[in-house]
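Structural overview for review
Each chain is listed here by its residues.
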Amino acid sequence: MVTAAADELIALDRAAQDLLFRAARTANAFTDEPVGDEQVRAVHDLVRYGPTAMNAQPLRVLLLRSAAARARLLPYVSAGNRDKTAAAPLTAVLAADVNWHDRLPELFPHRPGARDWFTGDPAGREAQARFNAALQIGYLLVGVRAAGLAAGPMAGFDAAGVEREFFPDGQHRVLLLMNIGRPAPDAWRERLPRLPYEEVVSTL
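Heads up: these notes are all about the structure in this document. Remember, it's a predicted structure, so these values are computed and weren't measured experimentally.

With that settled, the discussion passes to the pattern of salt bridges. In the structure shown here, the tally under the stated rule is 11 salt bridges. Notably, a salt bridge pairs arginine 72 with glutamate 165, separated by 2.8 Å at the nearest N-O pair. Highlighted residues: arginine 72 in helix H4 (residues 67-73) and glutamate 165 in helix H9 (residues 159-166), separated in sequence by 93 residues. Of the residues examined, glutamate 165 reaches a relative accessible area of 26% and is grouped as partly exposed. Salt bridges sharing common partners tie together Arg14, Asp18 and Arg22.

Orientation of helix H3 (residues 37-47) relative to helix H8 (residues 122-146), taken along the N-to-C sense of each, is 130°, at an axis distance of 9 Å. When the interaxial angle is binned, H3 and H8 end up oblique. Considering the relative orientation of H3 and H8, their crossing is right-handed. Across from Val43, Leu46 and Val47 in H3, the residues of H8 making contact are Tyr139, Leu140, Gly143, Val144 and Ala146. When its residues are assigned to classes, the contact of H3 with H8 shows 7 nonpolar, 1 polar and no charged.

Along the chain, valine 174 turns up in strand E4 (residues 172-181). C-alpha of valine 174 to C-alpha of glycine 124: the two residues are 50 residues apart in sequence and 17 Å apart in space. Those residues in contact with valine 174 that lie beyond four places of it in its chain are Val93, Leu94, Ala95, Phe157, Ala159, Val162, Glu163 and Phe167.

The subject of this paragraph is the pairing of strand E2 (residues 90-97). Most of E2 is tucked away, with 8 of its 8 residues classed as buried. As judged from the 6 bridges shared by strand E1 (residues 59-64) and E2, these two strands associate in the antiparallel manner. If you follow valine 61 over to E2, its bridge partner there is leucine 94. Direction of pairing for E2 relative to E4: antiparallel, over a ladder of 8 bridges. Pairing of leucine 94 across the sheet is with leucine 176, part of E4.

About the thresholds
- Residues numbered from 1 in each chain as written.
- Predicted model: local features only at pLDDT ≥ 70, side-chain atom pairs only at ≥ 80, totals over all residues.
- Heavy atoms only, no water.
- Salt bridge = Lys/Arg side-chain N within 4 Å of Asp/Glu carboxyl O.
- Helix = DSSP H or I, 4+ residues; strand = E, 2+ residues; numbered from the N terminus.
- Buried < 20%, exposed > 50% of the residue type's maximum accessible area, 1.4 Å probe, protein only.
- Axes fitted to C-alpha atoms, helices over the stretch in contact; angles between N-to-C directions.
- Parallel < 35°, antiparallel > 145°, perpendicular 65-115°, else oblique.
- Left-handed = near helix turned anticlockwise from the far one by under 90°.
- Contact = heavy atoms within 4.5 Å.
- Nonpolar A, V, L, I, M, F, W, Y, C, P; charged D, E, K, R; others polar.
- Pairing = 2+ DSSP bridges.

Right under this line is the structure:
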């Protein structure tokens, strides 16, 4: 429960707060209204400003629109996620580029030798790729909601199989699938409990 006084401490107005967080939930069903390229571009243009370590930006997004592309994905999706993925207007495959360090001369120019720090450390690069791409996925989820769309993120899939199918270069690690679209009337389950402030936050 948010009091009026607490609500006033947030810079966004109440409608925006509800759109992004309180009223938003994971969608499990969508209308057949398409999600256009311009909508996706607008979301990206907003969320690309979210911070990542060393400005790494390792998230790569593969949009599956066509029936043929979706058919390639579905064998790797768990049974509980398969039907809703087949029916969604758009599915995004969200992956981390493990060679993100190659872009550091462009993205982190004030440290000219930064790329070399990671050249001989593939395990460290992958750990950084996964962590920072996960941050970006969080920004993307909120950005989808900001566009008035609903998101259905899913971890129930064979990541290695999706990587073989769509990223045979071996440079990407698939972290999440996300269905995107306008929510159908029956899109939502009941809101699940959230932990209270007192159980999450401590002060020293």
